[in-house]
Amino acid sequence: MKFRFKITLAMVSLLSLLFGAGGAAMISDSFQKAVERESRTFREASGLLLETLETVNGIEGWANERELIGSLKQLAQEDTFPLVRLTDGESLLYARGEANDCFQDLARPAQKGKMALGYFRDDRETLYVQTTVALKLGESRLCLDLGKSLSDIYETCLQEQRAYIKIFLVMLVLCGLFSYFMASVLTRPLGRLSAAAKEIASGNLSCRSGISSKDEIGDLSRDFDIMAGQVEQSVLRLKEEAERREQFMGSFAHELKTPMTAVIGYADLLRGESLDREEAARAAN
């Protein structure tokens, strides 16, 4: 794999990791804040409803549970409180909404004069926010459960996820293209360095990379040029040494030829001619 592709793959992987983790954390944080904001709003609306019921009770005075349920139907609007359940601790007095059977048991903290806040899911795994308050009717104490679906928040979260995925894919493509372009620019001197190495390997010892950048690749190219210069000098010295040896062998052969000719001549004289003792001794000497 080319080095530029490795750089591109590393950049895309890094962006995927950081952008993916950051986007997931951002969406999760946005969802949690939306749930908390919706829960706070629903708690405030429940508190306002409780105060209104207590005010109505103080003015009119509920004689029985039916009057309380009538006031509850009028004041607890369905768009604000889709789920309503009124119990006396044992039996169900009034209910509205299909998911009221999934209410959590928050009656104990509500009986202590506090509004209890909780969450529950129905059979379809839809998240609901729930508040439970205690109401006093004569000597009896009733428990009022209010609930609202948070499906709108889930839908908003899903829309954010879809938008995030689209942006994420576009960012990956742009990052891949930009990384490949930058990697090509950064690795271009390495191509020149490789070409210079091939030229030297083919016999052109005078070839140099000619890269003058002030980075690690520039340092490598300068070291390469120094090495190529040393190799060229060494090869030139070897050629000069070979030429000197060739000249020496030629001179040696020339200098050896003259006495050898005389030796061969005297040897032929001794072998082919009849010489007296004195001439033969001189020829042998």
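Reading the values: rules and limits
Residues numbered from 1 in each chain as written. Predicted model: local features only at pLDDT ≥ 70, side-chain atom pairs only at ≥ 80, totals over all residues. Heavy atoms only, no water. Helix = DSSP H or I, 4+ residues; strand = E, 2+ residues; numbered from the N terminus. Rg over C-alpha atoms; globule rule 2.2 N^0.38 Å. Pairing = 2+ DSSP bridges. Axes fitted to C-alpha atoms, helices over the stretch in contact; angles between N-to-C directions. Parallel < 35°, antiparallel > 145°, perpendicular 65-115°, else oblique. Contact = heavy atoms within 4.5 Å. Nonpolar A, V, L, I, M, F, W, Y, C, P; charged D, E, K, R; others polar. pLDDT = per-residue confidence, 0-100. Core = buried A, V, L, I, M, F, W, Y, C linked by side-chain atoms within 4.5 Å. Buried < 20%, exposed > 50% of the residue type's maximum accessible area, 1.4 Å probe, protein only. Salt bridge = Lys/Arg side-chain N within 4 Å of Asp/Glu carboxyl O.

A. Inspection of the overall build of the protein chain at higher detail. Per the secondary structure count, the protein chain includes six helices and five strands. Ordered by position in the sequence, the α and β elements of the protein chain form the string α-α-β-β-α-β-β-β-α-α-α. The C-alpha radius of gyration of the protein chain comes to 51 Å, more than 25% above the 19 Å expected for a compact globule of 285 residues. The C-alpha extent of the protein chain, read off along each of the three principal axes, is 175 × 35 × 25 Å.

B. Expanded view of the pairing of strand E5 (residues 140-149). With five bridges joining them, strand E1 (residues 83-87) and E5 adopt antiparallel strand pairing. Of the residues in E5, the one forming a bridge with Leu86 is Leu144. The pairing of strand E4 (residues 127-137) with E5 spans 10 bridges and is classified as antiparallel. Within the sheet, the bridge partner assigned to Ala134 lies in E5 and is Cys143. Counting the residues in the hairpin turn of E4 and E5 gives two residues, including Gly138, whose phi is positive at 65°.

C. How the structure looks around the packing of helix H4 (residues 151-201) against helix H5 (residues 216-272). With their axes 10 Å apart at the nearest point, H4 and H5 run at an angle of 10° to one another. Between H4 and H5, the crossing angle belongs to the class labelled roughly parallel. Contacts between H4 and H5 pair Leu186, Pro189, Leu190, Leu193, Ala196, Ala197 and Ile200 from the former with Ile217, Leu220, Ser221, Phe224 and Ala228 from the latter. Of the residues in the contact of H4 with H5, the class split is 11 nonpolar, one polar and no charged.

D. Spatial organisation of the confidence of the model for the protein chain. Summing up the model confidence of the protein chain, the mean pLDDT is 83 and the portion of residues at 70 or higher is 95%. When pLDDT is averaged over each element of the protein chain, E1 comes out on top at 88 and helix H3 (residues 107-111) at the bottom at 59.

E. Just the pairing of strand E2 (residues 92-96), in detail. Pairing geometry for E1 and E2, over four bridges, is antiparallel. Bridging from a neighbouring strand, Val84 pairs with Arg96 of E2. Counting the residues between successive antiparallel strands, the hairpin from E1 to E2 contains four residues, one of them, Gly89, with a positive phi of roughly 100°.

F. Quick peek at the nonpolar core. In this structure, Leu72, Leu86, Leu135 and Leu144 are the most contacted members of the largest nonpolar core, which totals 33 residues. Elements with a contribution of two residues or more to this core: helix H1 (3-59), helix H2 (65-75), E1, E4, E5 and H4. The greatest single-element share of this core, amounting to nine residues, is contributed by H1. Residues in contact with Leu135, not counting those within four places in the same chain, are Leu50, Leu53, Leu68, Leu86, Ser140, Arg141, Leu142 and Leu144. By size, the runner-up hydrophobic cluster in this structure holds eight residues, among which are Leu193, Cys207, Ile211 and Phe224.

G. Representation of the sheet that holds E1. Across the sheet, which stays open at both edges, the five strands sit in the order E2-E1-E5-E4-E3 with antiparallel pairing between neighbours. Of all strands in the sheet, those bounded by a partner on one side alone are E2 and strand E3 (116-121). Each strand of the sheet is rotated relative to its neighbour by a mean of 20°, with strand direction disregarded. Its contacts with the sheet put H2 on E1, E2, E4 and E5, and the angle it makes with E2 is roughly 15°.

H. Structural context of unusual backbone geometry. Backbone geometry places Glu125, a non-glycine residue, at a positive phi of 65°. Using a relative accessible area of 53% as the deciding quantity, one classes Glu125 as exposed.

I. Layout of the environment of Arg40. Following the sequence through the fold, Arg40 ends up in helix H1. C-alpha of Arg40 to C-alpha of Val129: the two residues are 89 residues apart in sequence and 9.9 Å apart in space.

J. Structural view of the pattern of salt bridges. Scanning the entire structure with this criterion turns up nine salt bridges. We note a salt bridge from Lys33 to Asp29, for which the minimum N-O separation is 3.3 Å. Pair noted here: Lys33 and Asp29 are both in helix H1, with a separation of four residues, about one helical turn. The exposure class assigned to Lys33 is partly exposed, which follows from its relative accessible area of 47%. Close ionic contact of Glu38 with Lys148 constitutes a salt bridge, the shortest N to O distance being 3.0 Å.

K. Representation of the side chain of Thr87. Among the structural elements, Thr87 can be located in strand E1. Setting aside chain neighbours within four positions, we find Thr87 in contact with Leu92, Leu93, Leu142 and Cys143.

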